[in-house]
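# An overview of the molecular structure
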Amino acid sequence: MPVNHAPTSKKDPLPWLLEPENPSARCLTLRHLLDSGERDSQVAEAQAALPKWPPVQKILGLMDPVDFWGRADRPFYGGAMGTHATLHLLAELSMSRTPQIEAACENLFECGQHESGGFTYDGAPEGIFLCYTGNAVRTLLHFGYRATDARLEQALKYLVERSARPNGLTCPNSDREECRWGVVKALGAFAALPVADRTQARMQAVERLADAVLDHKFDFEDRDAHWLNFGFPLDYQSDLVELCDVLARLDYGTDPRLERLLDLVLAAQTTDGGWIKQYGTRALQVEERGKPSKWISIRALRALKQTQQTFVKTERAKRQEQ
């Protein structure tokens, strides 16, 4: 049975999420929860307000015309405040592509992408991380680059190849063990692809990546408790909300292995209908820790909505086969 994503005991969060004071959350809610198209007047209005919104104005104001948000020769320099992470954050906020953002994206390609297709923080193959590559692909897709762009195509090919490589999901920063944060970021890259670009090879990679995280025996009482610290913005880190959102958008909503994880996300919903922020990088100081987060709530609600849609679609297909 699908997760019940609209318990009657919880307050409807949509009026809160649609408040005009936060054009990013309003735009994302309209698009991802209410299925409003890009040409919808409310979406267009929220999108137009975003560059003028003080938090975004501050981010854009810190951009240097040569070094962007750090150093031109190293787009990952500066961590959560660097060029790569800032572009990713702007994409997560639903910011549109501008000439300045396009220049930063081209810099990310030129100075951040290894010849293998992966994205590297220091130019060396040892510096290619799943998280960096997954986030870069997702960011570039958001800003209008197509999967047919040779550079993005090579990045996706790298993720496909690495998903099948022995020890390909390990990370130097996790003692050469599988990095499930990185796996979620790689899955996020494929989830961002239009359905027409989800080739057989890419979906086989999705299956391998999804198995790697869904077959993991999460110990939420100890070792994996950090997955329950929901956050925004996230850089290379991940959490259970992002994991469920990504897998739901890849049509894993009816997978029984995901059900327990979705139950935990739903159980964390407050009586006001939102989800609490417990973590976030210092790149965007809009929401406080311990308080409800609009962006985390949108992500959680999208996961639950997509799960319900997948269930309905699956049941309809079963009836047609009978």
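Bear in mind that the values here come from a model prediction, so they are computed numbers and not experimental data. (Residues numbered from 1 in each chain as written. Predicted model: local features only at pLDDT ≥ 70, side-chain atom pairs only at ≥ 80, totals over all residues. Heavy atoms only, no water.)

### Here's the deal with the overall build of the protein chain
How we decide: For the purposes of this entry, the term helix denotes a DSSP run of H or I that reaches at least four residues, the term strand denotes a run of E that reaches at least two, and both are numbered from the N terminus. Restricting the calculation to C-alpha atoms gives the radius of gyration, and the globule rule supplies 2.2 Å times the number of residues raised to the power 0.38. We call two residues in contact whenever any of their non-hydrogen atoms come within 4.5 Å of each other. Computed by Shrake-Rupley with a 1.4 Å probe, the accessible areas treat only the displayed protein chains as cover when residues are assessed. By the counting scheme adopted, Arg and Lys are positive, Glu and Asp are negative, and His together with the chain ends is not counted. Think of each charge as sitting on NZ of Lys, CZ of Arg, CG of Asp or CD of Glu.
When helices and strands are counted, the protein chain shows 13 helices and 4 strands. A compact globule built from 322 residues should have a C-alpha radius of gyration of about 20 Å, and the protein chain, at 19 Å, falls within 12% of that. Seen through its principal axes, the protein chain has C-alpha atoms that stretch 55 × 45 × 40 Å. Taking the contacts inside the protein chain whose residues are at least 6 apart along the sequence as the reference set, 64% of them involve residues at least 24 apart. For the protein chain, the exposed surface amounts to about 15100 Å²; the carbon and sulfur share of it is 49%. With 39 positive and 44 negative side-chain charges, the protein chain shows a separation of 2 Å between the mean positions of the two kinds.

### Comments concerning the packing of helix H2 (residues 23-33) against helix H13 (residues 294-321)
Heads up, the rule is: Note on geometry: axes are lines fitted to C-alpha atoms, helical ones only across the stretch in contact, with angles between N-to-C directions running from 0 to 180 degrees. Orientation categories follow fixed angle ranges, with anything under 35 degrees roughly parallel, anything over 145 roughly antiparallel, 65 to 115 roughly perpendicular, and all other angles oblique. Charged residues are taken to be Asp, Glu, Lys and Arg, nonpolar residues to be Ala, Val, Leu, Ile, Met, Phe, Trp, Tyr, Cys and Pro, and polar residues to be all remaining types, Gly included.
Remark: H2 packs on H13, axes separated minimally by 10 Å, with the N-to-C direction vectors making an angle of 0°. Relative to H13, the element H2 lies roughly parallel. Contacts between H2 and H13 pair Ser24, Ala25, Leu28, Thr29, His32 and Leu33 from the former with Lys294, Trp295, Ile298, Leu301, Arg302 and Lys305 from the latter. Among the residues making up the contact of H2 with H13, the classes are represented as 6 nonpolar, 3 polar and 3 charged.

### Some words on the packing of aromatic side chains
Test applied: The aromatic pairing rule takes the rings of Phe, Tyr and Trp, using the six-membered ring of Trp, and pairs them if the centres are within 6.5 Å, calling planes under 30 degrees apart stacked, those over 60 edge-to-face and the rest tilted. The buried label applies to any residue whose accessible area, calculated with a 1.4 Å probe on protein chains only, is under 20% of its type's maximum; exposed applies above 50%, and partly exposed to all values in between. Both a distance and an angle decide whether a charge sits over a ring: NZ of Lys or CZ of Arg must be within 6 Å of the ring centre and within 35 degrees of the ring normal.
The full count for this structure, using the stated rule, is 11 aromatic pairs. A centroid spacing of 4.5 Å and a plane angle of 35° characterise the contact between phenylalanine 76 and tyrosine 132, whose relative ring orientation is tilted. Of this pair, phenylalanine 76 sits in the loop between helix H4 (54-61) and helix H5 (83-92) while tyrosine 132 is found in helix H7 (residues 130-142), placing the two residues 56 residues apart along the sequence. When its relative accessible area of 15% is taken as the criterion, tyrosine 132 is described as buried. Aromatic pair tryptophan 181 and tyrosine 236: ring centres 6.1 Å apart, planes at 50°, arrangement tilted. Note that tryptophan 181 is positioned in helix H9 (residues 180-191) and tyrosine 236 in the loop between helix H10 (200-214) and helix H11 (240-249), a separation of 55 residues in sequence. By relative accessible area, which is 40% here, tyrosine 236 ends up partly exposed. Every member of this aromatic cluster is reached through a ring pair, and the members are Phe76, Tyr121, Phe129 and Tyr132. Positioned above the aromatic ring of tyrosine 145 is the side chain of arginine 97, whose terminal nitrogen or guanidinium carbon lies 4.4 Å from the ring centre. Between the NZ or CZ atom of arginine 151 and the centre of the ring of phenylalanine 109, over which it lies, the distance is 3.9 Å.

### Remarks on the pattern of salt bridges
Put simply, the test is: The term salt bridge refers to a pairing of a side-chain nitrogen on Lys or Arg with a carboxyl oxygen on Asp or Glu at a separation within 4 Å.
Applying the stated criterion to the full structure yields 21 salt bridges. One salt bridge connects glutamate 38 with arginine 31, and the closest N-O pair in it is separated by 2.8 Å. For arginine 31, a relative accessible area of 22% corresponds to the partly exposed category. Aspartate 245 serves as the salt-bridge partner of arginine 302, at 2.8 Å between the closest nitrogen and oxygen. One end of the pair, arginine 302, is in helix H13; the other, aspartate 245, is in helix H11, with 57 residues separating them in the sequence. Of the two residues, arginine 302 and aspartate 245, neither departs from the other in class, the shared state being buried.

### Structural notes on the confidence of the model for the protein chain
Basically, it comes down to this: A score between 0 and 100, pLDDT records how confident the predictor is in each residue.
Mean pLDDT over the protein chain: 94, with 97% of residues reaching 70 or higher. This model gives residues 1-8 a pLDDT under 50, and the stretch forms 15 contacts once residues within four places in sequence are excluded.

### A closer look at the state of the cysteines
As a reminder of what qualifies: By convention in this document, the label disulfide applies to cysteine sulfur atom pairs within 2.5 Å.
Counted under the stated rule, the structure contains 0 disulfides. Cysteine cysteine 131 is unpaired, with the sulfur of cysteine 179 as its nearest cysteine sulfur at 6.2 Å. Looking at cysteine 131, the relative accessible area reads 8%, which means it is buried. Left without a disulfide partner, cysteine 179 is nearest to the cysteine sulfur of cysteine 171, which lies 4.8 Å away.

### Description of the packing of H11 against helix H12 (residues 256-267)
Keep this limit in mind: Two helices cross in a left-handed way if the nearer one is turned anticlockwise from the farther one by less than a right angle. They cross in a right-handed way if the turn is clockwise.
Relative orientation of the contacting elements H11 and H12 amounts to 130°, with a least axis distance of 10 Å. Overall, the two elements H11 and H12 adopt an arrangement that is oblique. For the pair H11 and H12, the crossing hand works out as left-handed. On H12, the residues touching Leu240, Val241, Leu243, Cys244, Leu247 and Ala248 of H11 are Leu258, Leu261, Leu262, Leu264 and Val265. Here the residues of the contact of H11 with H12 sort into 11 nonpolar, no polar and no charged.

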